[in-house]
Amino acid sequence: MRHVFALACTLALLHGLTAQAATDSCVANPDIEQGELDALAERARQGDLCSSLAVARYADSGERYMTARFYYLLAASQGDTSSDQRLLELYRQSENLVQQALYEKWLADAAERGLVEVQAELGRYLLAWKSSNQDRIGAMFWLETAAKRGHLEAQYLLSEQYRSDLVEESDLDAVGGDDLALHYARDDAKAAQWLCRAAAGGLPQAQYALAEAYSFGNIVPLDQDQNRLWLEKAAASGHPDAIAQLDDSGEPWYVRAENWGTRQLIRAEASCPDSQP
């Protein structure tokens, strides 16, 4: 199945490159009169990429976002990645998911076209809006796809899913067989791997979660020195809970002195277990 998906992604990428080359030849025209706009809209509905972009950008500039989304969707369906990027921004800005079925289809199509931000967004969407085990496996698949391409939040969310007991292997067997069950079932080693990657990449919530894992010995060995070091990294990255935990300004002087002395004894650097990247 993965070989087929890889081939599909390659073909989608080639199609996207061809479409993007066509997009680059489109001439922007911010001053469109109504008669010309109607003609452009008609050509857009007939499949003309440049017309779709022209109408989408015109509506976008006038803050007519529903119309803009419709024509960006037309352009995106022809492989225009700039439309995919703008659609993601528009959907994130929207207070409500209008036309949710259309949004889901666009997410799936854009994810297959290879946009890493959309792949991560599809994973988040499936976790937030869907509840079946099949949807959770789909979420993990897209999070893993984005995580392998260096998307930090996808790495962190994938780690959380590998720590989850929500799906039993017997449930996964019904979804896709033993291989899939083994790959996406709870796995502390994979959870630690992806959490460490996100933390090492600088994601504050991953750094804080890794500090907590070291503090309690969850998915990584118990190590209070590493707990302190990762708390410091999370605090330096602005994580409020880490900042609060390290703040001993309200403690008596002798407690602050003891904390300072304990910190001076730590000679290691923040790191993952030897088996992790």
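Right above here is the structure, for reference.
Residues numbered from 1 in each chain as written. Predicted model: local features only at pLDDT ≥ 70, side-chain atom pairs only at ≥ 80, totals over all residues. Heavy atoms only, no water.

1. Side note on the packing of helix α5 (residues 81-93) against helix α6 (residues 100-112)
Where α5 meets α6, the closest approach of the two axes is 11 Å, and the angle between their N-to-C directions is 140°. Between α5 and α6, the interaxial angle falls into the category oblique. Here the hand of the crossing between α5 and α6 comes out left-handed. Across from D84, L87, L88 and Y91 in α5, the residues of α6 making contact are Y103, W106 and A110. Looking at side-chain class alone, the contact of α5 with α6 contains six nonpolar, no polar and one charged residues. (Axes fitted to C-alpha atoms, helices over the stretch in contact; angles between N-to-C directions. Helix = DSSP H or I, 4+ residues; strand = E, 2+ residues; numbered from the N terminus. Parallel < 35°, antiparallel > 145°, perpendicular 65-115°, else oblique. Left-handed = near helix turned anticlockwise from the far one by under 90°. Contact = heavy atoms within 4.5 Å. Nonpolar A, V, L, I, M, F, W, Y, C, P; charged D, E, K, R; others polar.)

2. Here we look at the nonpolar core
Judged by nonpolar contacts, the single largest core of 36 residues is most densely connected at Y156 and L210. Formed by 29 residues, the second largest nonpolar core is a distinct cluster that contains I32, L37, A44 and A110. (Core = buried A, V, L, I, M, F, W, Y, C linked by side-chain atoms within 4.5 Å. Buried < 20%, exposed > 50% of the residue type's maximum accessible area, 1.4 Å probe, protein only.)

3. A closer look at unusual backbone geometry
Positive phi, close to 60°, is recorded for E63, a residue that is not glycine. Positive phi, close to 65°, is recorded for I219, a residue that is not glycine. Note on placement: I219 falls in the loop between α13 (204-216) and α14 (224-236).

4. Concerning α5
Given a rise of 1.5 Å per residue, 13 residues ought to cover 18 Å, and the 19 Å separating the end C-alpha atoms of α5 matches this to within 8%. For α5, the complete set of buried residues consists of S83, D84, R86, L87, L88, L90 and Y91. (Expected span 1.5 Å × (residues − 1).)

5. Digging into the side chain of N227
Mapped onto the elements, N227 comes out in helix α14. Only 2.8 Å separates the side chain of N227 from the backbone oxygen of A211, close enough to count as a polar contact. Excluding residues within four positions of it along the chain, N227 makes contact with A211, E212, Y214 and S215. (Polar contact = N/O pair within 3.5 Å; in protein donor to acceptor, adjacent residues only side chain to side chain.)

6. Describing the pattern of salt bridges
Following the criterion strictly, the structure yields 13 salt bridges and no others. The shortest N-O distance in the salt bridge between E104 and K130 comes to 3.1 Å. Note that E104 is positioned in helix α6 and K130 in the loop between α7 (116-129) and α8 (133-148), a separation of 26 residues in sequence. The exposure class of E104 is partly exposed, given its relative accessible area of 25%. Across the pair R263 and E232 runs a salt bridge whose closest N-O atoms are separated by 2.5 Å. With a gap of 31 residues between them, R263 in helix α16 (residues 253-264) and E232 in helix α14 connect regions that are remote in the sequence. (Salt bridge = Lys/Arg side-chain N within 4 Å of Asp/Glu carboxyl O.)

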